[in-house]
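Results of the structural survey
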Amino acid sequence: NDVDGNYRGRDQQIHKAEGHDYYTVFSLWDTYRGLHPLLTLIDKKRTEDFIKTFILQYEQGGRLPVWELASNETECMIGYHSVSVITDAYMKGIRGFDAEKAFTAMKSSAMQDHFGLAAYKKNNVITIDDEPESVSRTLEYAYDDWCIAQLAKDLKKEDEYTAFIKRAQSWKNVFNQETGFMRARKNGNWQSPFD
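Residues numbered from 1 in each chain as written. Predicted model: local features only at pLDDT ≥ 70, side-chain atom pairs only at ≥ 80, totals over all residues. Heavy atoms only, no water.

Another point: the overall build of the protein. Along its length, the protein carries 8 helices and 9 strands. Radius of gyration (C-alpha) of the protein: 18 Å, near the 16 Å computed for a compact globule of 195 residues. Expressed along its principal axes, the backbone C-alpha trace of the protein runs to roughly 60 × 35 × 30 Å. Here the protein holds 195 residues, and the buried ones make up 46% of them. The long-range fraction of contacts in the protein, counting pairs at least 24 apart against all pairs at least 6 apart in sequence, stands at 62%. If you sum the accessible surface of the protein, you get close to 9800 Å²; carbon and sulfur atoms cover 51% of it. Within the protein, one finds 25 positive and 30 negative side-chain charges whose respective centroids are separated by 4 Å. (Helix = DSSP H or I, 4+ residues; strand = E, 2+ residues; numbered from the N terminus. Rg over C-alpha atoms; globule rule 2.2 N^0.38 Å. Buried < 20%, exposed > 50% of the residue type's maximum accessible area, 1.4 Å probe, protein only. Contact = heavy atoms within 4.5 Å. Areas by Shrake-Rupley, 256 points an atom, 1.4 Å probe, with all protein chains shown as cover. Lys, Arg positive; Asp, Glu negative; His and termini not counted. Charge placed at Lys NZ, Arg CZ, Asp CG, Glu CD.)

Below you can see the structure in the form of structure tokens.
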């Protein structure tokens, strides 16, 4: 945000950040594995502000950021890794944000129907017939769903916990026990040839 707290929201309107800094350019696919877990240890205030920003982006744009740039979702990466950042921070005791709003945003973002999510929700797997990067998408959605399940469990949301922990098991549908590798599915079978 600017020094006066003003920022352009995901709805392209000018808003004012109240009580925290508003951030932009969330390259979450690139940062959720290493940078954000580190920031939960060395910069808790900024992590909290990031999560407050995520919630505002959801409220103003309809979903949590995936790879947001200058108040626009670029759609250039996969997963919905805001949820892992939120869950990791919450589990480490960073609680200066509205966990109920965050959970609502997480659940809503996971229930949309873009980038293979419709097939993932229906079939518990994304095949190469459904979407490119089918194995990666299945694995990343499964991990993010596990994160949602963990927060649901802590917030005593048993129905949501049960639904998301079940969805998190979708990774098993791309694991081929014969080869020991994750593999793409096509027409109900494993994609062949496979090296």
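Moving on, there is more to tell.
The contact between helix H5 (residues 99–110) and helix H8 (residues 158–167) brings their axes to 13 Å, and the two run at 45°. As the angle between them shows, H5 and H8 are arranged oblique. Seen along the crossing, H5 lies across H8 with a hand that is left-handed. Facing H5, whose interface residues are Phe103, Lys107 and Ala110, H8 presents Glu160, Phe164 and Arg167. Across the contact of H5 with H8, the residue classes tally to 3 nonpolar, no polar and 3 charged. (Axes fitted to C-alpha atoms, helices over the stretch in contact; angles between N-to-C directions. Parallel < 35°, antiparallel > 145°, perpendicular 65-115°, else oblique. Left-handed = near helix turned anticlockwise from the far one by under 90°. Nonpolar A, V, L, I, M, F, W, Y, C, P; charged D, E, K, R; others polar.)

Per the counting criterion, the structure on display carries 13 salt bridges. With its nearest N and O atoms 3.3 Å apart, the salt bridge here joins lysine 107 to glutamate 160. Residue lysine 107 is located in helix H5, and its partner glutamate 160 is located in helix H8; the two are separated by 53 residues in the primary sequence. Residue lysine 107 is classed as partly exposed on the basis of its relative accessible area of 29%. Two residues, arginine 137 and glutamate 131, come together in a salt bridge whose shortest N-O distance is 4.0 Å. In this structure arginine 137 comes out as buried when scored by relative accessible area, which is 6%. Connected through salt bridges with shared partners, the residues Glu131, Glu133 and Arg137 form a single ionic network. (Salt bridge = Lys/Arg side-chain N within 4 Å of Asp/Glu carboxyl O.)

On to helix H4 (residues 82–91), then. H4 sits mainly inside the fold: 8 of its 10 residues count as buried. Those residues of H4 lying buried are Ser82, Val83, Ser84, Val85, Ile86, Thr87, Ala89 and Tyr90. Contacts made by the buried residues of H4 are with helix H1 (28–31), helix H2 (35–42), helix H3 (44–61), H5 and helix H7 (134–154). Once H4 finishes, glycine 93 follows within two positions and takes phi at roughly 95°, a positive value.

This part is about the nonpolar core. Ranked by internal contacts, the top residues of the largest apolar core, which has 37 residues, are Phe54, Leu64, Ile86, Phe97 and Ile148. Put simply, the parts of the chain that give this core at least two residues each are H3, H4, H5, helix H6 (117–123), H7 and H8. Here this core takes 7 residues from H7, the largest share from any one element. Excluding its chain neighbours within four sequence positions, the residues that come into contact with phenylalanine 97 are Ile51, Lys52, Ile55, Ile86, Tyr90 and Ala102. (Core = buried A, V, L, I, M, F, W, Y, C linked by side-chain atoms within 4.5 Å.)

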